[in-house]
Amino acid sequence: MPDIHSVCVFCGAQAGTQPVFRAAAEEFGRALAKAGMRLIFGGGRIGLMGAIADAALAAGGAAIGVIPEFLTRWEVAHEGTSELIVTDSMHSRKRRMFELADSFVSFPGGLGTLDETIEIITWRQLKLHDKPILICDIAGSAAPLVAMVEATIAAGFARSEVRELFEVTAGVAVTMDRLQHLATIRGGAAALL
């Protein structure tokens, strides 16, 4: 059995302009199910979120959605999940996703995906957890995020060690291989205040 049992995936509520984004999300959902890893995601039925959850579920895997109540009123909640957790805010959504996850994978997405990714990296920088964070690069999607991190280092706002807080992985196969070889350091959830 792998040490990583639950993978939180941050990804877009839109599908993006390139078909490769949806294809990669579907491939990753199937791969998680095949590996026996539970998907933790934002609970939406649309965009890459819906694609990854649908693929994981269709392949016999488990998918736990975490969605704030106001988004359920916009009728974007994925009702077919293994479990749908409704929270009272975006903040409690992110905290609950953190608590359920052994590791994090960031896929292409919009501002919400960037927010979640940067926040979980920041929590690791602050030593609130030591769970692995992977940025799955699909068709160059990781480049702007990495460039932003490099810009903060170059401007003297971050130390070069922040590069070690996350890994960029080249596509789905490499990301899955990395997940299967990572060991989660326990205690992260208890340490988050």
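This text goes with the structure placed above it.
Criteria and thresholds
- Residues numbered from 1 in each chain as written.
- Predicted model: local features only at pLDDT ≥ 70, side-chain atom pairs only at ≥ 80, totals over all residues.
- Heavy atoms only, no water.
- Axes fitted to C-alpha atoms, helices over the stretch in contact; angles between N-to-C directions.
- Helix = DSSP H or I, 4+ residues; strand = E, 2+ residues; numbered from the N terminus.
- Parallel < 35°, antiparallel > 145°, perpendicular 65-115°, else oblique.
- Left-handed = near helix turned anticlockwise from the far one by under 90°.
- Contact = heavy atoms within 4.5 Å.
- Nonpolar A, V, L, I, M, F, W, Y, C, P; charged D, E, K, R; others polar.
- Salt bridge = Lys/Arg side-chain N within 4 Å of Asp/Glu carboxyl O.
- Buried < 20%, exposed > 50% of the residue type's maximum accessible area, 1.4 Å probe, protein only.
- 1 Å grid on protein atoms, 1.4 Å probe; cavity = no way out; pocket = protein on both sides within 12 Å on 5 of 7 lines; lining within 4 Å.
- Points joined across faces, edges and corners; volume = space filled by probe spheres on them.
- Core = buried A, V, L, I, M, F, W, Y, C linked by side-chain atoms within 4.5 Å.

Asks: In this structure, what is going on with the packing of helix H1 (residues 19-35) against helix H7 (residues 171-181)? I would like to understand it.
Replies: Think of two packed helices as two axes; the pair is described by the angle between the axes and how far apart they sit. At a minimum axis distance of 10 Å, the contact between H1 and H7 shows a crossing angle of 30°. Considering their axes alone, H1 and H7 lie roughly parallel with respect to each other. As H1 packs across H7, the resulting crossing turns out to be right-handed. Between H1 and H7, the contacting residues are Ala-24, Glu-27, Phe-28, Ala-31, Leu-32 and Ala-35 on the first element and Val-172, Thr-175, Met-176, Leu-179 and Gln-180 on the second. Here the contact of H1 with H7 is built from residues that sort into eight nonpolar, two polar and one charged.

Asks: Quick question: what am I supposed to make of the pattern of salt bridges here?
Replies: Two side chains of opposite charge can pair, provided their charged atoms sit close to one another. Following the criterion strictly, the structure yields eight salt bridges and no others. Put simply, Glu-99 and Arg-95 hold a salt bridge, and the shortest N to O gap is 3.1 Å. Of the two residues, Glu-99 and Arg-95 are both situated in helix H4 (residues 90-100); the distance of four residues between them amounts to about one turn of the helix. On the basis of relative accessibility, which here comes to 32%, the residue Arg-95 falls in the partly exposed class.

Asks: Can you help me understand empty space enclosed by the protein in this one?
Replies: Empty pockets left among the atoms are what a rolling probe the size of a water molecule brings to light. Under the counting rule described, the total for this entry stands at one cavity of 30 Å³ or more. Phe-10, Lys-94, Met-97, Phe-98, Phe-104, Glu-116, Glu-119, Ile-120 and Trp-123 together form the lining of the largest cavity. Of the residues forming the lining of the largest cavity, the biggest block, four residues, is contributed by helix H5 (residues 111-125).

Asks: Even after reading the chapter, I still don't get the layout of surface pockets, so can you show me in this structure?
Replies: Roughly 350 Å³ of volume is contained in the largest pocket. Lining the largest pocket are 24 residues, with Ala-13, Met-49, Met-90, Arg-93 and Gly-112 positioned closest to its centre. At the level of elements, strand E1 (6-10), helix H3 (69-73), H4 and H5 are the ones that each hand at least two residues to the lining of the largest pocket. For the lining of the largest pocket, the residue count by class is 13 nonpolar, seven polar and four charged. Quantified by volume, the second largest pocket comes out at close to 230 Å³. Elements with a contribution of two residues or more to the lining of the second largest pocket: H5, strand E6 (133-137) and helix H6 (143-154). The residue inventory of the lining of the second largest pocket, partitioned by class, reads nine nonpolar, six polar and no charged.

Asks: Explain the nonpolar core here, please?
Replies: If you look at soluble globular proteins, the nonpolar side chains tend to sit buried side by side. By size, the foremost hydrophobic cluster in this structure holds 29 residues, and its most contacted members are Val-9, Phe-28, Leu-32, Leu-39, Val-105, Phe-107 and Leu-179. Mapped by element, the contributors of at least two residues to this core are E1, H1, strand E2 (38-41), helix H2 (47-58), E6 and H7. Ignoring any residue separated from it by four or fewer positions in sequence, one finds Phe-107 in contact with Val-9, Phe-10, Cys-11, Ala-24, Ala-25, Phe-28, Thr-113, Cys-136, Ile-138 and Val-172. Within the second largest apolar cluster, 24 residues are counted, among which are Cys-8, Val-66, Ile-133 and Val-149.

Remember that the coordinates give geometry; whether it matters functionally is a separate question.
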